[in-house]
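Residue-level structure breakdown
Now for the letters of each chain:
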Amino acid sequence: KKKFNCKHFGAHLKQARKDLSLTQTQATKLIGVSQGNISDFESGNSEPMASTIVSFSKTYGISGDWLLGVSDKSNENPFEYVGVVFMHRALVLYL
């Protein structure tokens, strides 16, 4: 049984945020957690609750399994990911 790896999760979380061209401040508005929380998650200093992992997965359009290190694929449906990227880029302009 694999143990949760905060560093691995944090690296994937940061990569996903940067792929969407989001700052931590912008991500806080989309996810609903503080910038300090996002910083702690991305640096591997804090373990998020399951509901927060789900929020990141849905908001960033990525696989929760990939975030957790269970899968090598960030998204099983690349067309959905492209739609999320365009939606987020529009939100970035708005935020």
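This text follows the structure it describes.
This text gives an overview of the structure that appears in the document.

Contact geometry of helix α1 (residues 6-19) with helix α4 (residues 50-60) gives a least axis separation of 11 Å together with a crossing angle of 30 degrees. Regarding the angle of α1 to α4, the classification is roughly parallel. In the packing of α1 onto α4, the handedness of the crossing is left-handed. For the pair formed by α1 and α4, the contact residues are Phe9, Leu13, Ala16 and Arg17 on the first element and Ile53, Phe56 and Tyr60 on the second. For the contact of α1 with α4, the class distribution of residues is six nonpolar, no polar and one charged.

The next thing to look at is the pattern of salt bridges. Taken as a whole and judged by the stated rule, the model has one salt bridge. Between Glu42 and Arg17 there is a salt bridge whose closest N-O contact spans 2.5 Å. Placement of the pair is Glu42 in helix α3 (residues 35-43) and Arg17 in helix α1, with a sequence separation of 25 residues. The same class applies to Glu42 as to Arg17, namely buried.

Turning next to α3. For an α-helix the count is 3.6 residues per turn, leaving residues at separations of three or four pointing the same way. Within the sequence span of α3, burial applies to Ile38, Phe41 and Glu42. Projection of α3 onto a plane perpendicular to its axis shows the buried side chains occupying an angular sector of 95 degrees, all on one side. Once α3 finishes, Gly44 follows within two positions and takes phi at roughly 80 degrees, a positive value.

Cut-offs applied
- Position labels on residues start from 1 in each chain and follow its written sequence.
- Where totals are concerned, whole chains, interfaces and linings use all residues; where local detail is concerned, this predicted model gives features only for residues with pLDDT of at least 70, and gives and counts side-chain atom pairs only at 80 or more.
- Each side-chain value is worked out from all heavy atoms of the structure, with water and hydrogens disregarded.
- The axes are straight lines fitted to the C-alpha atoms, using for helices just the contacting stretch, and the angles between their N-to-C directions are given from 0 to 180°.
- For the purposes of this entry, the term helix denotes a DSSP run of H or I that reaches at least four residues, the term strand denotes a run of E that reaches at least two, and both are numbered from the N terminus.
- Here is the rule for angles: anything less than 35 degrees is roughly parallel, anything more than 145 is roughly antiparallel, 65 through 115 is roughly perpendicular, and the remaining ranges are oblique.
- Two helices that cross are described as forming a left-handed crossing if the nearer one is turned anticlockwise from the farther one by less than a right angle, and a right-handed crossing if clockwise.
- Residues count as neighbours in contact if any of their non-hydrogen atoms are within 4.5 Å of one another.
- Nonpolar residues are Ala, Val, Leu, Ile, Met, Phe, Trp, Tyr, Cys and Pro. Charged residues are Asp, Glu, Lys and Arg, and all others, Gly as well, are polar.
- Each reported salt bridge corresponds to a side-chain nitrogen of Lys or Arg within 4 Å of a carboxyl oxygen of Asp or Glu.
- For every residue, the accessible area obtained with a 1.4 Å probe (protein chains only) is divided by the maximum for its type, and the residue is called buried under 20%, exposed over 50%, and partly exposed between those limits.
- Taken from the helix axis, the directions to the C-beta atoms give the arc we talk about.

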